[in-house]
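Residue-level structure breakdown
Listed below are the residues making up each chain.
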Amino acid sequence: MATSVKYSTPSFTLFNKSCFDLVELDSCSIDALITDPPYGIAFQNYRWDQALPHPQIWQDCYRVMKPGAYGLVFSAVRLMHRVMVALEDTGFDIKDVLFWSFLNGMPKSRDIGLDIDRELAISSRIVGEYQYVQGYRKNGAAHYKARKGKPICEPASDVGKKYKGAGTGLKPAYEPIILIQKPTEKGLRIAQNVIKYGTGALNLEETRIPFEKDEPKVGHNPHPAGRVSANLLRTVPLADGYDKFFLIPKVRQQKEDFNNHPTVKPVSLMEHLVKLISFSGQTVLDPFAGSGSTGIGALQNNRKFVGYEVEKAYYDIMRKRLHECE
Ligand SMILES: C[S@@+](CC[C@H](N)C(=O)[O-])C[C@H]1O[C@@H](n2cnc3c(N)ncnc32)[C@H](O)[C@@H]1O
């Protein structure tokens, strides 16, 4: 079992240990929960991603959150139903599902036409050769698949030809983020709950989406500061054809970057989420903090941060990143 290590400054507190019981935190002490937990899809075979979080962890989060506090929980598209049921069974209300959209997700798909040739022991037809080297990261390190010069094949068997180009998966272009809320205190109206605890309302004012310059303002009486934040998320437009969609690119890791966490979330995205479900001076908890992107979003927006991370290497990266933005 990991030893408990705590590190604290006036603006953040970090624990290098499992978030399993959150014993260090008082009941009803947290204003907002934002977390990117293990997706349970064995991503790149990482040990920590083999299973979904134990339901007890959601119960611990529920205990430490104030009545009316909101939470945002990332999940994988194909397992989000399980996460939602676990959260609901804990007692949280499911309020919405935000879609974080991006264009740089990698399709994970088999080429079925070529697989059919292999099944039939028929050599596929070589039609050219790859002209690039494909880079990817595994276990924190950069790898390069020497694609350059490798043959590009097409199915040669009759059945293979019929299924030429057929595959097994779409290009991923979004991740869901489940918006939950701990119920407000029994007997209190929402405004009474906000007065008593400071929680129970979304911070729509701080997260308005400004109109583009010269953009015609549709609808009657548009708010001068922009539209109400949507459940489809963007920061900046990427390219002409996509301007009307809301997009935030996934983080591409740089070789020289000291942060080698394999699933770093974009800080711009985390800032938006922090601003959406908390108010200035409040405390945000991330029980699966990784390299600390939620914490950066919190500190850069005048919130306090509490983070748990079980892996020492990621904990150290988080600590360094948070110090840099203090
Ligand atoms: C998806 S990653 C979070 C990445 C983070 N959003 C970032 O931007 O760096 C989930 C993290 O949860 C950690 N983790 C898994 N189980 C844990 C547990 N029981 N307690 C604390 N951390 C845990 C993993 O080591 C991993 O770093």
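This write-up is about the structure you can find in this document. Not measured: the values here are computed from a predicted model.

Considerations on the overall build of the protein chain
A count of helical and extended segments in the protein chain gives 8 helices and 13 strands. Within the protein chain, the fraction of its 326 residues that count as buried is 41%. The long-range share in the protein chain, meaning contacts at least 24 apart out of those at least 6 apart in sequence, stands at 71%. When the accessible area of the protein chain is evaluated, it comes to approximately 17,600 Å², of which 55% is carbon and sulfur surface.

Observations regarding the site of the ligand
The immediate surroundings of the ligand are formed by 22 residues, with Asp36, His261, Ser291, Ser293 and Glu309 found nearest. Between a nitrogen atom of the ligand and a side-chain N or O atom of aspartate 36, the distance comes to 2.8 Å. For the ligand, a nitrogen atom lies 3.3 Å from a polar atom in the backbone of valine 310. Taken by itself the ligand offers 610 Å² of open surface, and the protein chains cover 94% of this. A per-class count over the shell around the ligand returns 10 nonpolar, 7 polar and 5 charged.

Notes on helix H8 (residues 312-324)
Look at H8: 19 Å from first C-alpha to last across 13 residues, which is about the 18 Å you get at 1.5 Å a residue. For H8, the full list of buried residues reads Tyr314, Tyr315, Ile317, Met318, Arg321 and Leu322. Looking straight down H8, one finds its buried side chains confined to an arc of 160 degrees; they lie on one side. Those residues of H8 that are buried lie in contact with strand S1 (6-8), strand S2 (12-15), helix H6 (267-277), helix H7 (293-299) and strand S13 (304-308).

Let's talk about unusual backbone geometry
The backbone of alanine 121 sits at a positive phi, close to 55 degrees, despite the residue not being glycine. Assignment of secondary structure puts alanine 121 in the loop between helix H3 (112-119) and strand S6 (125-129).

Things to note about the packing of aromatic side chains
Under the definition given, this model contains 9 aromatic pairs. Taking the centre distance of 5.1 Å and the plane angle of 70 degrees together, the rings of tyrosine 62 and phenylalanine 92 count as edge-to-face. Here tyrosine 62, found in helix H1 (residues 55-64), pairs with phenylalanine 92, found in the loop between helix H2 (80-90) and strand S5 (93-101); they are 30 residues apart in sequence, far enough to count as distant. Given a relative accessible area of 24%, tyrosine 62 falls into the partly exposed group. Between phenylalanine 99 and tyrosine 174, the ring centres sit 4.5 Å apart and the planes meet at 25 degrees, which makes this aromatic pair stacked. With a gap of 75 residues between them, phenylalanine 99 in strand S5 and tyrosine 174 in strand S10 (residues 174-181) connect regions that are remote in the sequence. Residue classification places phenylalanine 99 among the partly exposed residues on the basis of a relative accessible area of 28%. Take tyrosine 174: its relative accessible area is 29%, and that puts it in the partly exposed class.

A closer look at the environment of aspartate 31
With respect to the helices, strands and loops of the structure, aspartate 31 is situated in strand S3 (residues 30-35). What makes aspartate 31 buried here is its relative accessible area of 5%. In this structure the C-alpha to C-alpha distance between aspartate 31 and lysine 66, which are 35 residues apart in sequence, comes to 6.0 Å. Apart from the residues lying within four places of it in its own chain, the contact partners of aspartate 31 are Lys66, Ala69, Tyr70, Tyr197, Thr199, Ile277, Gln282 and Thr283.

Some points on empty space enclosed by the protein
Rolling a probe over the atoms, with the probe sized like a water molecule, indicates the empty space that remains. Evaluated as defined, the whole model comprises 1 cavity of 30 Å³ or more. Lining the largest cavity, in full, are Asp31, Gly68, Ala69, Tyr70, Gly198, Thr199, Gly200, Ala201, Ile277, Phe279 and Gln282. If one sorts the elements of the lining of the largest cavity by residue count, strand S4 (residues 65-74) sits on top with 3 residues. Considering only residue class, the lining of the largest cavity consists of 5 nonpolar, 5 polar and 1 charged.

Focus on a nonpolar patch on the surface
On the surface, a nonpolar cluster with roughly 330 Å² of combined accessible area is contributed by Leu120, Ile122, Val159 and Tyr163. Structurally, tyrosine 163 can be placed in the loop between helix H4 (158-162) and S10.

The rules behind the values
Residues numbered from 1 in each chain as written. Predicted model: local features only at pLDDT ≥ 70, side-chain atom pairs only at ≥ 80, totals over all residues. Heavy atoms only, no water. Helix = DSSP H or I, 4+ residues; strand = E, 2+ residues; numbered from the N terminus. Buried < 20%, exposed > 50% of the residue type's maximum accessible area, 1.4 Å probe, protein only. Contact = heavy atoms within 4.5 Å. Areas by Shrake-Rupley, 256 points an atom, 1.4 Å probe, with all protein chains shown as cover. Near = heavy atom within 4 Å. Polar contact = N/O pair within 3.5 Å; in protein donor to acceptor, adjacent residues only side chain to side chain. Nonpolar A, V, L, I, M, F, W, Y, C, P; charged D, E, K, R; others polar. Expected span 1.5 Å × (residues − 1). Arc of directions from axis to C-beta. Phe/Tyr/Trp six-rings, centres within 6.5 Å; stacked < 30°, edge-to-face > 60°. 1 Å grid on protein atoms, 1.4 Å probe; cavity = no way out; pocket = protein on both sides within 12 Å on 5 of 7 lines; lining within 4 Å. Points joined across faces, edges and corners; volume = space filled by probe spheres on them. Patch = residues over 30% accessible without salt bridge, like charges linked within 9 Å, V, L, I, M, F, W, Y side chains within 5 Å. Salt bridge = Lys/Arg side-chain N within 4 Å of Asp/Glu carboxyl O.

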